[in-house]
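Read off the chains here:
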Amino acid sequence: MSALAYFGLRERPFEGNTNVRFFYVSQGHGEALARLRYLVRDRNMGIGVLTGEIGSGKTITRSVLERMLRTTAFRVVSLESSNLPFVHLLAEFLNQLEGRPPDLTGLTKYELLFRFKKTVMENVHLKGRHLAVFLDEVQQMHPGTLDELKNLTNLSVGGDNLLTMILVGQPEFRDTLRRMPQLDQRVSLRFHLNFLGDDEVGRYIQHRLEMAGREEADPLFSDDAVRLVYRESQGIPRLVNRLCKLSLDQGYSLQRRQIDEDIVSGIISDLHLQKGDRDETPRRKWHSAKM
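Summary of the structure given here. Treat the numbers as computed from the prediction; the structure is a model and nothing was measured.

### Let's talk about the overall build of the chain
- Within the chain, the secondary structure is distributed over twelve helices and seven strands.
- A principal-axis box enclosing the C-alpha atoms of the chain has dimensions of 65 × 40 × 35 Å.
- Nonlocal contacts in the chain, meaning residues at least 24 apart in sequence, comprise 75% of its contacts between residues at least 6 apart.
- Computing the positive centroid from 41 side-chain charges and the negative centroid from 38, the chain places the two 5 Å apart.

In structure tokens:
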């Protein structure tokens, strides 16, 4: 019997953090989603900013919002990594809007901007839609590129803005904004995504298990195990996923029907020793099982 079948699952519940089916609407994630959705649907608010620590769930929140925008009302341009020169960003925008990358040979920045506006007018605005631009990892972007991107929010026709831009990045991007008042003043909405609270981690784990197909009423993770997962992860979704994935592997190898505190503790000890934390408890042997 496979590990999935053993635990009553149809798919892996803790593999990564970007599958929108597994999105858990915590208090913070739900508020971020609602605010950003309002910003985009308003169409005239220019720029929104979503920040959060590594592993806090920024990317999956952005992906859920993209899926929520009706294709009859919006066109979406989305970049997972935005650390590109402005001209290359424009080229990628056109690639996603037109379905083919533009030939930049001999093309001036003015000509590229003119083509971008023309494409947005013909392929988006005149079809009754609005362009939503999502840029991730913006803390890596050069200030000059950010300044040029800001100017795209000036594109309008008859008082209607042609696009809304969502900038997603790590906390240090807030410092970048403070150093760039010309950009900071264009931000109509900003939200900082915090980690899961101690009362949310258990519900987060249960949600992912249910999305993966588990129907049994008995909790797979004991209360003590959940508390230990929270204490070690501090509510960071990516770390919660990692601990739970490894704990399931170990539980299967031991043929346990419930993941208890002892299993999670062994995983934590092993991970700390791998990082060289010699003051941790002696290493426990555990064996990875393929899900």
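### Some points on the pattern of salt bridges
- Considering all chains together, one arrives at 15 salt bridges under this definition.
- When the shortest N-O distance is used, the salt bridge between Glu98 and Arg115 registers 2.7 Å. You can see Glu98 sitting in helix 4 (residues 86-98) and its partner Arg115 sitting in helix 5 (residues 109-123), a full 17 residues away along the chain.

### Thoughts on the sheet that holds strand 7 (residues 187-193)
- One open sheet accounts for five strands, arranged 2-3-6-1-7; its pairing is parallel. Looking at strand neighbours, the two that pair on one side only are strand 2 (74-79) and strand 7, the edges of this open sheet. Pairwise comparison of adjacent strand axes, ignoring direction, gives a mean angle of 15° for this sheet.
- Two strands pair when backbone bridges link them, and strand 3 (residues 130-135) and strand 6 (residues 163-169) are joined in this way by five bridges, in the parallel orientation. Pairing of Phe134 across the sheet is with Ile166, part of strand 6.

### Focus on the nonpolar core
- In this structure, Phe93, Phe116, Leu131, Leu135, Leu149, Leu152 and Met165 are the most contacted members of the largest nonpolar core, which totals 33 residues.
- Looking at this core, the elements with two or more residues in it are strand 1 (47-52), strand 2, helix 4, helix 5, strand 3, helix 6 (143-152), strand 6 and helix 7 (172-179).
- The element contributing the most residues to this core is helix 4, with six residues.
- Counting residues in each nonpolar core, the second largest holds 32 residues, with Tyr6, Leu209, Leu228 and Ile267 among its members.

What counts, and at which threshold
Residues numbered from 1 in each chain as written. Predicted model: local features only at pLDDT ≥ 70, side-chain atom pairs only at ≥ 80, totals over all residues. Heavy atoms only, no water. Helix = DSSP H or I, 4+ residues; strand = E, 2+ residues; numbered from the N terminus. Contact = heavy atoms within 4.5 Å. Lys, Arg positive; Asp, Glu negative; His and termini not counted. Charge placed at Lys NZ, Arg CZ, Asp CG, Glu CD. Salt bridge = Lys/Arg side-chain N within 4 Å of Asp/Glu carboxyl O. Pairing = 2+ DSSP bridges. Axes fitted to C-alpha atoms, helices over the stretch in contact; angles between N-to-C directions. Core = buried A, V, L, I, M, F, W, Y, C linked by side-chain atoms within 4.5 Å. Buried < 20%, exposed > 50% of the residue type's maximum accessible area, 1.4 Å probe, protein only.

None of this, on its own, says anything about what the molecule does.
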